[in-house]
Amino acid sequence: MMPAGYQRHTRRSPLTDPWAPLFSREINDAVHLAVEIRTAHCNARGFAHGGMLSALADNAMGLSAVRLARQKTNSDKVSGVTVSLALDFIDAAQVGEWVEFIPVVLKAGRTLAFVECRIMSADRLIARANSTFRMV
């Protein structure tokens, strides 16, 4: 069952289109993403591929950093690019499970933003991520 508060994610990209449908919700200073794991998301061992999890964590963290920067500057022209990205994989997400990407912006300055993200399936921590973004 889809976690509460999510709607179809409307932002599209060539990378994430094959993984659709994606879902999102905006909470305060963050944009959470969610996806129900399907075979198309999996590696040869049958669980969610780390590359897919990494890309969606990067996406959720970047969207959150930009959201906060736009609120601070009152400008929709702010964007961000990933400077660094690191993940620790802790557990495996299986087909049929809902996975949520829950970012927290730790610090957002004029030129850099630091963000962390928990990747969760229900109450299980699947992975943790952190990233630095250059705000432009």
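It should be noted that the structure appears before, not after, this text.
Residues numbered from 1 in each chain as written. Predicted model: local features only at pLDDT ≥ 70, side-chain atom pairs only at ≥ 80, totals over all residues. Heavy atoms only, no water.

Caption draft 1: Here's a closer look at the packing of aromatic side chains. Under the counting rule described, the total for this entry stands at one aromatic pair. Ring centres of phenylalanine 23 and tryptophan 98 lie 5.3 Å apart, and the angle between their planes is 65°; on these two criteria the pair is classed as edge-to-face. Taken together, the residues span a long stretch of sequence, with phenylalanine 23 in strand β2 (residues 23-27) and tryptophan 98 in strand β5 (residues 98-108) at a distance of 75 residues. For phenylalanine 23, a relative accessible area of 11% puts it in the buried group. (Phe/Tyr/Trp six-rings, centres within 6.5 Å; stacked < 30°, edge-to-face > 60°. Helix = DSSP H or I, 4+ residues; strand = E, 2+ residues; numbered from the N terminus. Buried < 20%, exposed > 50% of the residue type's maximum accessible area, 1.4 Å probe, protein only.)

Caption draft 2: Broad picture of the side chain of arginine 25. Among the structural elements, arginine 25 can be located in strand β2. At 3.2 Å, the side chain of arginine 25 forms a polar contact with the side chain of glutamate 100. In this structure arginine 25 touches Ala4, Gly5, Tyr6, Ala30, Val31, His32 and Glu100, once residues within four positions along its chain are discounted. (Polar contact = N/O pair within 3.5 Å; in protein donor to acceptor, adjacent residues only side chain to side chain. Contact = heavy atoms within 4.5 Å.)

Caption draft 3: Region of interest: the nonpolar core. Among the nonpolar cores identified, the biggest contains 36 residues, and Ile37, Leu53, Val99, Phe101, Ile119 and Met135 are the most heavily contacted of them. Elements with a minimum of two residues in this core: β3 (30-36), α1 (50-73), β5, β6 (112-121) and β7 (124-135). Looking at this core element by element, the count peaks at twelve residues for α1. Setting aside anything within four residues of it in sequence, one finds valine 99 in contact with Leu33, Ala34, Val35, Ile37, Leu53, Ala93, Ile119, Met120 and Ser121. (Core = buried A, V, L, I, M, F, W, Y, C linked by side-chain atoms within 4.5 Å.)

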